[in-house]
Each structure stands twice: as structure tokens, then as C-alpha cells.
Amino acid sequence: MNPLPPENEIAQASASLKKLRDTLNTVLFGQDHLVSMVIIGLVSRGHILLEGLPGLGKTQLAKGLSRALELDFKRVQFTPDLLPGDITGNPILQELSPGQRQFVFQPGPLFANLVLADEINRASPKTQSALLEAMQEGNVTVMGEGHRLPQPFFVVATQNPIELEGTYPLPEAQLDRFLFKLSVHKNDARTLQQIISSREIGVDPVIDRVCSREALASFLALARRIFLPEVVAHYIARLVEASHPGLSKAATGVKFGASPRAALALAAAAKSRALFEGRSNASFEDVRAVALPVLEHRIILDYTARLDGRTTASMVSDLLEEIPAQSLSVPKTLQEAKLP
């Protein structure tokens, strides 16, 4: 077990991450919570799915994140005719010397630290599946040969929630690879005025570097050393278990609940939020804060629940209301005590 990180390291990391949040708030106005969750997801080594209408700044957020952290950035516009090799790369026949030819692998846009998969649901399932190995293992296989992706490696994907023509819904297996699913909301009048006053169409905002790639790597390692108390781990386990049908009132109408990967994601995100807030241990509040973006896209409702207008977001909210943070069972220390 790794020792707890020193308080001064946690304080320095928290200050840098909050400075990163403040910097990104100059890119995406009025979305402070969204920006904070994107940073927490990044520190958790997770991939993020952003859902929102066009023009809300999803692409600018990804670009700003890469510039502030000095990460190699690639953007892929997903379309129905996009092929798997267009994103993973392909072997190209090259002449090495007169009379000698050899296939040489030419890396695709996946070979970057931060990849923006724009409108990911517009690509065919075959092309979407090319991301599965990359997102889970940090590796791509082309013609039987494996190629490691640069580290760190993050995918930020976007999709439009209202456009259905020419789209292919993401399969559950791929949705499960995303740590967070976050909604990008429209701006109010005050935020729109701020955008109008400080931006020009077609001009990207200037983003200063907040920290280096090496500093980010240290934050990722530090987040893993945040302490997760047993009672908090038990709370995560009970939440995930209760998401399955028949195990809670909140799960009424649920066809399939969250997987063990969801429990691991909850634990990692809770620890990253604790680091973001400058604490050395994760708490119940951290779990509750990240439960919705972690669980919402991992729970499948049955047909009747969808007809009744129920959503997975409302189900997660009901779950948090129903499942108490503290278990009502007898503590382990008392169970083991030998009473006269």
C-alpha cells in the first residue's frame, strides 16, 4: 500500500488544478462545474463523453485543455464514411532502397496525448470499435501488430443529443469505457453578453501554459495515493449493487445495472476530487459529487420505464437518496469483539 502523500504536495497539486480550472473558465464561460469535472476526469486517467448542442464550446474546451497542459492534440471529425484505419493508422509500402520495399506503419491521429473525437456517434460501429482497444489498453493493433499509444492518453468525445439522422448510437461496451458522461448546457443572457464582449468569431482564445506534461503525470500518480477509507469503499459497493433491478426501490424499471468497472470508476473519481479539493482522503461527499456522471451512461432502463418518461439521471438521483452513506450493519470491530 502506498503511503499517504505529504500535505504540501496535495496543496500544491490542488492549487495547480484550480488554476487550470480558472484558465479553462476563460475558454468556456459559465460552465464552472463542467470544467471542474473534466479536470477531475483527466486526473482519474479517464475518458470523457461530452453531450451538447453545436456551438457551446466543446471543441474549444478540448483545445484549451491541451494547450494549458502542453499535450499533443489531435482532432478527428467522425463521419459515416470514416474507416478504422483513418484513426488508427495504416501500413504504407515504402521503398527503403532500390529493389527493396517494406510496409511501414504510419500512425493515425490516435497517436496523441489528447484526442478529440468530434461527433463520435456519426461514425459506423466498425469505426467506433477501433477506439475500444485504444481507450482500454492504450494500444492499437493493425494487421496483427500492436502499437503503443503515447502516455498520457485521453479521449474527449462529443455527440449531439438531438440529431438522429445519420448517427449510430454508441454501444454499451463503448459507453462503459468513458469515465464520465457530461452534459454541456446552454448559456444564459449574462454569459452570452460576456462571450460577445470578449470573443470574435473564428478566433481562438489565447491560453497560457498552466503546468507541464511532467507535472500532470505527477498529479495522476498523486491521485492514486489518495486514501479511500473502507467505509467509503463500502458505500461505493452498495451504490453499484443497488443499481441492479430488484435490489432497491430506485432500480425499479432498470434492465441492467452498473458494472464493476463503474465501481472502480467511482473510486478513482472520488480520490481525484479529493485531490482537487486539497484533501488526502476521499469522502462520502466526493462519491456523491461524481456519482451522476459515472453511473448515468452505465445503467440501462427497460422499455416500460422509458415510456413512463424516466431517465437514468433521475434513477441515479433516487439511488443517492435511498442508499445511506453509513451502513446500518454492525461495524466489523464489534463483530470481531469477544463479548462476555
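Scroll up to find the structure.
(A) The overall build of the chain, seen in detail. When you go through the chain residue by residue, the secondary structure sums to 14 helices and eleven strands. Relative to the compact-globule value of 20 Å for 340 residues, the chain shows a C-alpha radius of gyration of 22 Å, a close match. Counting only C-alpha atoms and orienting by the principal axes, one finds that the chain spans roughly 90 × 55 × 50 Å. Classification of the 340 residues of the chain by burial places 47% in the buried group. Summed over its atoms, the accessible surface of the chain is roughly 17,600 Å², and 55% of this surface lies on carbon and sulfur atoms.

(B) Layout of unusual backbone geometry. Cis geometry is found at the peptide bond from Gln 151 to Pro 152, where omega equals 0°. Mapping Pro 152 onto the fold places it in the loop between β7 (145-148) and β8 (154-159). Phi at Glu 70 is positive, roughly 55°, even though this residue is not glycine. Here Glu 70 shows up in the loop between α3 (58-69) and β2 (73-77). Overall, the relative accessible area of 38% leaves Glu 70 in the partly exposed class. Unusually for a residue other than glycine, Glu 119 sits at a positive phi of about 50°. In this structure, Glu 119 sits in the loop between β5 (114-118) and α5 (125-137). Taking the relative accessible area as the measure of exposure, Glu 119 reaches 23% and is therefore partly exposed.

(C) A look at the pairing of strand β4 (residues 100-107). Bridging between strand β3 (residues 89-97) and β4 involves eight bridges; their strand directions are antiparallel. Counterpart to Leu 93 in the pairing with β4 is Phe 103. A loop of two residues connects β3 with β4, the two strands running antiparallel in sequence, and Gly 99 in this loop sits at a positive phi of about 85°.

(D) Examining the pattern of salt bridges more closely. Tallied over the full model, the rule gives twelve salt bridges. Here Arg 21 makes a salt bridge to Asp 22, at a shortest N to O gap of 3.4 Å. By relative accessible area, which is 18% here, Arg 21 ends up buried. Across the pair Arg 273 and Asp 286 runs a salt bridge whose closest N-O atoms are separated by 2.6 Å. Taken together, the residues span a long stretch of sequence, with Arg 273 in helix α10 (residues 260-276) and Asp 286 in helix α11 (residues 284-295) at a distance of 13 residues.

(E) Region of interest: α11. Relative to the 16 Å expected for twelve residues at 1.5 Å per residue, α11 spans 16 Å between its end C-alpha atoms, a close match to the ideal helical length. When we look at burial in α11, the residues that qualify are Asp 286, Val 287, Val 290, Ala 291, Pro 293, Val 294 and Leu 295. Residues of α11 that are buried make contact with α2 (32-43), β9 (178-183), α9 (230-242), α10 and α13 (312-322).

(F) Main features of the nonpolar core. The biggest cluster of nonpolar side chains holds 74 residues, and the ones touching the most others in it are Leu 50, Phe 180, Leu 266, Leu 275 and Leu 295. Ranked by the residues each element gives to this core, the list is headed by α10, at nine residues. Sequence-distant contacts of Leu 266, that is, excluding residues within four places in its chain, are made with Ile 236, Val 240, Val 287, Val 290, Ala 291, Val 294 and Leu 295. The next biggest cluster of nonpolar side chains, apart from the first, holds 26 residues, and it includes Val 76, Val 115, Ile 120 and Ala 157.

(G) Structural detail: the packing of α2 against α10. Axis separation between α2 and α10 bottoms out at 8 Å; the angle between their running directions is 115°. Crossing hand, α2 versus α10: right-handed. Taken together, the residues of α10 that come into contact with α2 (itself represented by Ser 36, Ile 39, Ile 40 and Val 43) are Ala 269, Ser 272, Arg 273, Leu 275 and Phe 276. Of the residues in the contact of α2 with α10, the class split is six nonpolar, two polar and one charged.

(H) Broad picture of the pairing of β5. Of all the five residues making up β5, five are buried; the element is thus mostly covered by neighbouring parts of the structure. Here β5 shows no split at all, with Leu 114, Leu 116 and Asp 118 on one side and Val 115 and Ala 117 on the other all buried. Looking at chain direction, β2 and β5 are connected through five bridges and run parallel. When the sheet's bridge partners are listed, Gln 77 is paired in β5 with Asp 118. Pairing analysis gives four bridges linking β5 to β8, with the strands arranged parallel.

(I) Summary view of the packing of aromatic side chains. As enumerated under the stated definition, the model contains two aromatic pairs in all. Ring geometry for Tyr 235 versus Phe 284: centroids 5.6 Å apart, planes at 85°, classification edge-to-face. Linking Tyr 235 in helix α9 with Phe 284 in helix α11, this pair joins segments that are 49 residues apart in sequence. Residue class for Tyr 235 comes out buried when judged on its relative accessible area of 0%.

(J) Focus on the sheet that holds β5. Pairing is parallel in the open sheet, where five strands are placed in the order β2-β5-β8-β1-β9. Two strands in the sheet have a free side with no partner beyond their single neighbour: β2 and β9. Between one strand and the next, the sheet's axes are offset by a mean angle of 15°, whatever the strand orientation.

Rules behind the numbers
Residues numbered from 1 in each chain as written. Predicted model: local features only at pLDDT ≥ 70, side-chain atom pairs only at ≥ 80, totals over all residues. Heavy atoms only, no water. Helix = DSSP H or I, 4+ residues; strand = E, 2+ residues; numbered from the N terminus. Rg over C-alpha atoms; globule rule 2.2 N^0.38 Å. Buried < 20%, exposed > 50% of the residue type's maximum accessible area, 1.4 Å probe, protein only. Areas by Shrake-Rupley, 256 points an atom, 1.4 Å probe, with all protein chains shown as cover. Pairing = 2+ DSSP bridges. Salt bridge = Lys/Arg side-chain N within 4 Å of Asp/Glu carboxyl O. Expected span 1.5 Å × (residues − 1). Contact = heavy atoms within 4.5 Å. Core = buried A, V, L, I, M, F, W, Y, C linked by side-chain atoms within 4.5 Å. Axes fitted to C-alpha atoms, helices over the stretch in contact; angles between N-to-C directions. Left-handed = near helix turned anticlockwise from the far one by under 90°. Nonpolar A, V, L, I, M, F, W, Y, C, P; charged D, E, K, R; others polar. Phe/Tyr/Trp six-rings, centres within 6.5 Å; stacked < 30°, edge-to-face > 60°.

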